[in-house]
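# Overview (structure and organization)
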Amino acid sequence: MSAEPINLDSWRELPAAQQPEWPDRAALERVVAELKGLPPLVFAGECDELKDRLAAVARGEAFVLQGGDCAETFAGATADNVRNKLKTLLQMAIVLTYAGRVPVVKIGRVAGQFAKPRSKPTEVRGGVELPAYRGDMVNGFDFTPEARTPDPQRLLRAYHSAAVTLNLARAFTKGGYADLRQVHAWNQDFVAESPAGRRYEQLAREIDQALAFMRACGADPEEFHTVEFYSSHEALILDYDRALTRVDSRTGLPYDVSAHMVWIGERSRQLDGAHVEFFSRIRNPIGVKLGPTTSPEDALALIDKLNPANEPGRLTFITRMGATRVRDALPTLVEKIQASGAQVGWICDPMHGNTFEAPSGHKTRRLDDVLDEVAGFFEVHHALGTHPGGIHIEFTGDDVTECVGGGHPIVEEDLALRYETACDPRLNRGQSLDLAFRVAELYRSS
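In this text the structure is predicted, and so the values were computed from the model without any measurement.

In total, this model carries 34 salt bridges according to the counting rule given. In this structure, the salt-bridge partner of Arg250 is Asp48, at a minimum N-O distance of 2.8 Å. In this pair, Arg250 is assigned in the loop between β6 (245–247) and β7 (254–256) and Asp48 in helix α2 (residues 44–58), connecting sequence segments 202 residues apart. The class for Arg250 is exposed, based on a relative accessible area of 51%. Between Asp424 and Lys363 there is a salt bridge, and its shortest N-O distance comes to 2.6 Å. On the criterion of sequence distance, the pair formed by Asp424 in the loop between β14 (390–394) and α12 (429–445) and Lys363 in strand β13 (residues 363–365) is long-range, its members being 61 residues apart. Asp424 gets classed as buried once you look at its relative accessible area, which sits at 8%. With relative accessibility at 30%, the residue Lys363 sits in the partly exposed group. Overlapping salt bridges bring together Arg109, Lys116, Lys363, Arg365, Glu394 and Asp424 as one network.

Quick look at the structure:
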């Protein structure tokens, strides 16, 4: 007797936060029908593999490095951009693996991070009110009525941009670029003018010596030549993620094949809302962002809804508390969830709780605040005997000036020099490495 098919559209009966107001529903339905016929971007077996890796994180045996753009753009799906982001992620992972002495699960905020929640549905400039920019998947960044009108054709462009990005990422991670013997090559353009780069280069020399020793002993494992790399995004626009949900031929279970891991944001995690309902039906590893006002009861109810079988690796909580609140807001959550016996991973997002506006009007973050929130996250877990399972950051491989501070310091007056983000401020490469070294120190001392 076959199992009853899972209703993947039950979310449509519930309130859905942060959805665009599409002006032409018929046009949206045509695009959704086309998306449903397109090949998967990832495979269910890969999603299960990541779930196994995240189960190791939940058990305290590995660490997650999840990062990438705040909001990807279609223009950013180029070989140079993808390579630079991947290079920075690989360098951070090397620091964490070698200096922190921990296996690192590498997850990009890539190939789908084209939509962003907004605090207000509209934006006003000079007395003109237009829809807010919700990411390239929905509308354009330019402040014109034409650009800001939600266009369902952009969902198709998002799919194709994601396919290009994933293709490049797979080529780089499997085609020799991610070989451990490349540790110096990733740094050639960077070491001379950057304190973080010089520190990384010293570590790279140590790794070279260790590899030479292993080769002399006859050891040259396959794992040294390629990298496991997974994709993730906030599954915000439900019509897109539903259209890319497929039933796996091996198991008969549904997977959102737009990414290996998807997460629910702080603004869309309502227990009676459409996002939580949709996520309860798919079998991917999933994340939920938790801000400082999250109650233990809310978190436990999310666990009951999203991981009723208490499957390790299925559910990861990504905390975004802010540097000033993490030490007060996080302990009760972790303590109550630990006491419940729930198997969850804990990741720190030290970016979103630490945003402020500089006098120039630029949204920015202080690297010191980011580092302080990560330190607080580790302190809480250390005090409770639980595992600080990872970090979730917004960064770019480019030499931007969007966050202040770092070993090669950016001050508020520098922000306008290269402020290129489509939404929130990102760490540049030097700041990302500064963070990786700090996290490695925290991990080894915890």
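Bringing the UniProt feature "binding site: phosphoenolpyruvate" (unreviewed entry) in the chain into the picture now. Per the UniProt record, "binding site: phosphoenolpyruvate" (unreviewed entry) is found at Arg109, Glu266, Arg267, Lys289 and Arg320. Mapped onto the elements, Arg267 comes out in the loop between β8 (261–264) and α8 (274–281). By the secondary structure assignment, Arg320 is in the loop between β10 (315–319) and α10 (326–340). For Arg320, a relative accessible area of 21% puts it in the partly exposed group. Contacts of Arg320, omitting those with residues within four sequence positions, involve Glu266, Lys289, Leu290, Gly291, Pro292, Asp349, His352 and Glu373.

In this section: the packing of α8 against helix α9 (residues 296–306). At their nearest, the axes of α8 and α9 sit 9 Å apart, and the two run at 40 degrees to each other. In this view, α8 runs oblique relative to α9, as classed from their interaxial angle. The residues of α9 that touch α8, namely those facing Val276, Glu277, Phe279 and Ser280, are Leu302, Lys305 and Leu306.

Let us look at the environment of His225. Within the element layout of this structure, His225 appears in the loop between α6 (195–216) and β5 (229–234). Residues His225 and Phe378 lie 153 residues apart in sequence; the distance between their C-alpha atoms is 31 Å. Sequence-distant contacts of His225, defined by excluding residues within four places in its chain, comprise Thr173, Ala178, Asp179, Arg181 and Asp220.

On to the nonpolar core, then. Tyr240, Phe317 and Leu435 are the most contacted members of the largest nonpolar core, which has 115 residues in total. Discounting chain neighbours no more than four positions away, the residues touching Tyr240 are Leu35, Leu41, Met137, Leu155, Ala158, Tyr159, Ala162 and Ser258. Of all hydrophobic cores here, the second largest spans 13 residues; its members include Val64, Tyr230, Met261 and Trp263.

Here we come to helix α3 (residues 79–100). Over its 22 residues, α3 extends 30 Å from the first C-alpha to the last, a length consistent with the 32 Å expected when each residue adds 1.5 Å. Most of α3 sits inside the fold, with 16 of its 22 residues counted as buried. The first or second residue beyond α3 is Arg101, which carries a positive phi of 55 degrees.

Relative to the helices and strands, Cys217 resides in the loop between α6 and β5. Looking at Cys217, the relative accessible area reads 53%, which means it is exposed. For the pair Cys217 and Ile282, spaced 65 residues apart in the sequence, the C-alpha separation amounts to 46 Å.

With respect to the helices and strands, Glu277 occurs in helix α8. Take Glu277: its relative accessible area is 9%, and that puts it in the buried class. Not counting chain neighbours up to four residues away, the residues in contact with Glu277 comprise Ser10, Trp11, Leu14 and Lys305.

A word on the UniProt feature "binding site: Mn(2+)" (unreviewed entry) in the chain. According to UniProt, the positions carrying the feature "binding site: Mn(2+)" (unreviewed entry) are Cys70, His352, Glu394 and Asp424. The greatest C-alpha distance among the residues just named is 10.0 Å, despite their covering 355 residues of sequence, which places them together in space. Mapped onto the secondary structure, Glu394 falls in strand β14. A polar contact is formed between the side chain of Glu394 and the side chain of Arg109, at a distance of 3.1 Å. Dropping the residues within four chain positions of it, Asp424 is found in contact with Cys70, Lys116, His352, Lys363, Arg365, Glu394 and Glu402. At a separation of 2.6 Å, a polar atom in the side chain of Asp424 contacts the side chain of Lys363.

Owing to its 3.6 residues per turn, the α-helix aligns residues three or four sequence positions apart on the same side. For helix α11 (residues 367–384), with 18 residues, the first-to-last C-alpha span of 26 Å sits near the 26 Å given by 1.5 Å per residue. Of all the positions in α11, only Leu367, Val370, Leu371, Glu373, Val374, Ala375, Gly376, Phe377, Phe378, Val380 and His381 are classed as buried. In the stretch just after α11, Gly385 is the one whose phi turns positive, near 75 degrees.

Tallied over the entire structure, the rule returns 11 aromatic pairs. Between Tyr133 and Phe141, the ring centres sit 5.2 Å apart and the planes meet at 90 degrees, which makes this aromatic pair edge-to-face. According to the relative accessible area criterion, Tyr133 is buried, its value standing at 3%. Owing to a relative accessible area of 45%, Phe141 belongs among the partly exposed residues under this scheme. Here Tyr177 and Trp186 contribute two aromatic rings whose centre-to-centre distance is 6.5 Å and whose plane-to-plane angle is 45 degrees, an arrangement assigned as tilted. Side by side, Tyr177 and Trp186 carry an identical accessibility label, which is buried. In textbook terms, an aromatic cluster arises when at least three aromatic residues are bridged by ring pairs, as seen for Phe63, Phe377, Phe378 and Tyr443. Above the ring of Phe356, the side-chain terminus of Arg366 is found at 4.0 Å from the ring centroid.

Rules behind the numbers
Residues numbered from 1 in each chain as written. Predicted model: local features only at pLDDT ≥ 70, side-chain atom pairs only at ≥ 80, totals over all residues. Heavy atoms only, no water. Salt bridge = Lys/Arg side-chain N within 4 Å of Asp/Glu carboxyl O. Helix = DSSP H or I, 4+ residues; strand = E, 2+ residues; numbered from the N terminus. Buried < 20%, exposed > 50% of the residue type's maximum accessible area, 1.4 Å probe, protein only. UniProt positions renumbered as here; feature names shortened; annotations may be inferred. Contact = heavy atoms within 4.5 Å. Axes fitted to C-alpha atoms, helices over the stretch in contact; angles between N-to-C directions. Parallel < 35°, antiparallel > 145°, perpendicular 65-115°, else oblique. Core = buried A, V, L, I, M, F, W, Y, C linked by side-chain atoms within 4.5 Å. Expected span 1.5 Å × (residues − 1). Polar contact = N/O pair within 3.5 Å; in protein donor to acceptor, adjacent residues only side chain to side chain. Phe/Tyr/Trp six-rings, centres within 6.5 Å; stacked < 30°, edge-to-face > 60°. Lys NZ or Arg CZ within 6 Å of the ring centre and 35° of its normal.

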